[in-house]
Amino acid sequence: METMETENIFANNPALLNAIQGRLGSLVGRPSGYIESLPPEVKRRIKALKNIQSEQLKYEKQYRAELAELEKKYLKIYEPLFEKRSSIVNGKVEPTDAECEREDSDMEQDAEEKPEVKKEEKPSADPVKGIPEFWLTCLKTNAVIAELITERDEEPLKALTDIQLQYLDDSDGFKLSFFFNENEYFTNKVLTKIYRLENTGDYGNIIDGKAEGCDINWNEGKNLTVTVETKKQRRKGTNQTRIIKRTIPAETFFSFFNPPVIPDNEALEMDEDEMQELDNKLEADYEVGEIIKDKIIPYAVDWFTGKALEFEEAEFDSDEYDGYDDEEDDDDDEDVDDTENAKGLNEPNAQAPECKQQ
């Protein structure tokens with residue numbers, strides 16, 4: 001009963017809930033005094049444990065380096081398959097009858113359901129080329145990325161023909177390339193995003209703060225990162241009026257190519273809240289890149305059909321991952337945080353660096 005009353009208090013007073021959450025968040029990571037209060041002989045043993053962990057982290061760093069090489073090796077094996085997928089999606093080739101034959105696995109078909117009777121389908125009177133809006137549908141199916149895509153973004157994203165992954169040679173990072181057909185919004189044939197990572201050995205790879213986007217060459221009047229506000233202004237003492245136009249930053253998926261950056265000199269002048277906000281944006285930006293790299297690109301057809309949603313909350317070991325398992329995770333908190341963080345990503349940032357296409 002008391003629990004329900006408490007929940008009602010928070011439900012009716014979100015400001016109080018936010019204040020409490022903010023206070024609790026500020027306490028995370030602060031020393032409790034417990035370690036300092038331990039006897040000297042216990043502190044001595046803790047030092048030994050830290051040394052053991054430091055030794056283990058040396059192997060962890062080696063493991064990460066070898067894993068990166070393994071990922072590069074298998075990407076080269078995957079690439080011909082991805083190229084074949086792209087050819088079918090964009091209507092460059094038509095798959096053979098043998099390539100289209102498929103029996104659903106036990107995972108894809110409920111054992112209690114009776115198999116559907118296959119109906120003979122007649123060819124369309126006006127055949128469709130490839131698979132229309134394939135990548136737009138894949139991106140919109142993912143909850144985190146869907147938060148970034150506005151209604152205005154959908155039209156140019158219909159021209160998206162492929163998303164490709166490339167590992168970097170000069171760092172433990174990767175490059176995402178988005179390929180587009182000719183469209184009325186911008187002249188770029190490819191938009192790129194680069195993430196440079198540092199293999200520290202401390203709990204895996206971390207971002208070293210370097211995410212590089214590219215300039216988008218917008219056609220006149222088609223820039224989705226801004227909206228134009230028009231106002232009439234009357235001059236004092238006269239009846240003359242003039243039209244004032246100003247651009248206002250707009251939310252758009254294409255702000256993904258203009259990532260948040262840490263200013264060289266101004267970073268030291270930021271207060272704690274500003275640094276935390278910037279850190280959240282950097283983390284959320286990397287998360288989107290990682291989703292595209294690890295989920296969207298390798299399992300695109302599952303996102304297109306929606307099958308990926310059935311298992312999106314499944315718990316799995318990424319190193320042993322082989323398609324989607326059907327184990328379910330009832331914890332929704334992480335997904336909520338993911339989508340909330342993503343909302344700030346499609347807000348424009350500082351001027352994007354020059355697009356470096358290879």
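The structure presented is a predicted model; accordingly, all values stated were derived computationally and were not measured.

## Structural notes on the overall build of the protein chain
Step number 1: Helices and strands together make up the secondary structure of the protein chain, namely 12 helices and six strands.
Step number 2: Out of the 358 residues in the protein chain, the part that is buried amounts to 30%.
Step number 3: Carbon together with sulfur atoms contributes 48% to the accessible area of the protein chain, which is approximately 25500 Å² in total.

## A closer look at the pattern of salt bridges
Step number 1: Using the criterion set out here, one finds 13 salt bridges in the structure.
Step number 2: Close ionic contact of glutamate 212 with arginine 196 constitutes a salt bridge, the shortest N to O distance being 2.8 Å. Taken together, the residues glutamate 212 in strand 4 (residues 206-212) and arginine 196 in strand 3 (residues 190-198) connect sequence positions 16 residues apart. The two residues glutamate 212 and arginine 196 agree in class, both being buried.
Step number 3: A single salt-bridge network, built from bridges that share partners, covers Glu133, Glu155 and Lys158.

## A short note on the layout of surface pockets
Step number 1: Size it by volume and the second largest pocket reaches roughly 450 Å³.
Step number 2: Lining the second largest pocket are 22 residues, and of these Leu75, Glu79, Gln164, Leu165 and Gln166 lie nearest its centre.
Step number 3: Breaking the lining of the second largest pocket down by element, the ones donating at least two residues are helix 4 (40-89), strand 1 (160-167), strand 2 (174-180) and strand 3.
Step number 4: In terms of residue count, helix 4 provides more of the lining of the second largest pocket than any other element does, seven residues in total.
Step number 5: Of the residues contributing to the lining of the second largest pocket, the split by class is eight nonpolar, six polar and eight charged.

## Digging into a negative patch on the surface
Step number 1: A surface patch of like charges, here negative, comprises Asp271, Glu272, Asp273 and Glu274.
Step number 2: Structurally, aspartate 271 can be placed in the loop between strand 6 (241-249) and helix 9 (272-296).
Step number 3: According to the relative accessible area criterion, aspartate 271 is partly exposed, its value standing at 41%.

## Considering helix 9
Step number 1: If you check helix 9, its first and last C-alpha atoms are 35 Å apart, about what 25 residues at 1.5 Å a residue would give, namely 36 Å.
Step number 2: Here helix 9 has its buried residues at Leu278, Leu282, Ala284, Asp285, Tyr286, Glu287, Val288, Gly289, Ile291, Ile292, Lys293 and Ile296.

## Remarks on the environment of leucine 197
Step number 1: One can find leucine 197 in strand 3.
Step number 2: A relative accessible area of 8% means that leucine 197 is categorised as buried.
Step number 3: Remark: the alpha-carbon pair of leucine 197 and serine 171, spanning 26 residues in sequence, is separated by 6.6 Å.

## Considering helix 6 (residues 134-141)
Step number 1: By the criterion of burial, helix 6 is predominantly enclosed, with six of the eight residues buried.
Step number 2: Listed in full, the buried residues belonging to helix 6 are Phe134, Trp135, Leu136, Cys138, Leu139 and Thr141.

## Thoughts on the confidence of the model for the protein chain
Step number 1: With 69% of its residues at a pLDDT of at least 70, the protein chain reaches an overall mean of 79.
Step number 2: Contacts of residues 315-321 to residues separated by more than four positions or lying in other chains number seven contacts, the stretch itself having pLDDT below 50.

## Thoughts on unusual backbone geometry
Step number 1: Positive phi is not limited to glycine here, since glutamate 133 has a value of about 55 degrees.
Step number 2: Mapped onto the elements of the fold, glutamate 133 is located in the loop between helix 5 (97-100) and helix 6.

## Some thoughts on the packing of aromatic side chains
Step number 1: Taken as a whole, this structure holds 20 aromatic pairs when the rule is applied.
Step number 2: With 5.7 Å between their ring centres and 85 degrees between their planes, tryptophan 218 and phenylalanine 254 make a pair best called edge-to-face. Remark: phenylalanine 254 occurs in the loop between strand 6 and helix 9 and tryptophan 218 occurs in the loop between strand 4 and strand 5 (226-234); sequence separation between them is 36 residues. Both residues of the pair, tryptophan 218 and phenylalanine 254, count as buried.

## Focus: the nonpolar core
Step number 1: Counting residues in each nonpolar core, the largest one holds 46 residues, and the members touching the most others are Phe178, Phe254 and Ile292.
Step number 2: When contributions to this core are tallied by element, the ones reaching two or more residues are helix 4, helix 6, helix 7 (143-146), strand 1, strand 2, strand 3, helix 9 and helix 10 (300-305).

## Quick notes on a nonpolar patch on the surface
Step number 1: Together, Leu70, Tyr74, Ile77 and Tyr78 line one region of the surface with nonpolar side chains, adding up to about 370 Å² of accessible area.
Step number 2: By the element assignment, leucine 70 lies in helix 4.

## A look at the environment of phenylalanine 256
Step number 1: Counting through the fold element by element, phenylalanine 256 comes out in the loop between strand 6 and helix 9.
Step number 2: When the C-alpha atoms of phenylalanine 256 and glycine 213 are compared, they prove to be 7.5 Å apart, with 43 residues separating the residues in sequence.
Step number 3: Ignoring anything within four residues of it in the chain, the contact list for phenylalanine 256 reads Leu176, Phe178, Lys193, Tyr195, Asp285, Val288, Gly289 and Ile292.

## Details of the side chain of serine 86
Step number 1: Note that serine 86 resides in helix 4.
Step number 2: Take serine 86: its relative accessible area is 14%, and that puts it in the buried class.
Step number 3: When residues no more than four places from it in sequence are discounted, the contact partners of serine 86 are Thr161 and Asp162.

## Digging into the environment of arginine 242
Step number 1: If you trace the backbone, arginine 242 turns up in strand 6.
Step number 2: Classification of arginine 242 by relative accessible area gives partly exposed; the value is 38%.
Step number 3: Sequence-distant contacts of arginine 242, defined by excluding residues within four places in its chain, comprise Lys231, Lys232, Gln233 and Arg235.

Cut-offs applied
Residues numbered from 1 in each chain as written. Predicted model: local features only at pLDDT ≥ 70, side-chain atom pairs only at ≥ 80, totals over all residues. Heavy atoms only, no water. Helix = DSSP H or I, 4+ residues; strand = E, 2+ residues; numbered from the N terminus. Buried < 20%, exposed > 50% of the residue type's maximum accessible area, 1.4 Å probe, protein only. Areas by Shrake-Rupley, 256 points an atom, 1.4 Å probe, with all protein chains shown as cover. Salt bridge = Lys/Arg side-chain N within 4 Å of Asp/Glu carboxyl O. 1 Å grid on protein atoms, 1.4 Å probe; cavity = no way out; pocket = protein on both sides within 12 Å on 5 of 7 lines; lining within 4 Å. Points joined across faces, edges and corners; volume = space filled by probe spheres on them. Nonpolar A, V, L, I, M, F, W, Y, C, P; charged D, E, K, R; others polar. Patch = residues over 30% accessible without salt bridge, like charges linked within 9 Å, V, L, I, M, F, W, Y side chains within 5 Å. Lys, Arg positive; Asp, Glu negative; His and termini not counted. Charge placed at Lys NZ, Arg CZ, Asp CG, Glu CD. Expected span 1.5 Å × (residues − 1). pLDDT = per-residue confidence, 0-100. Contact = heavy atoms within 4.5 Å. Phe/Tyr/Trp six-rings, centres within 6.5 Å; stacked < 30°, edge-to-face > 60°. Core = buried A, V, L, I, M, F, W, Y, C linked by side-chain atoms within 4.5 Å.

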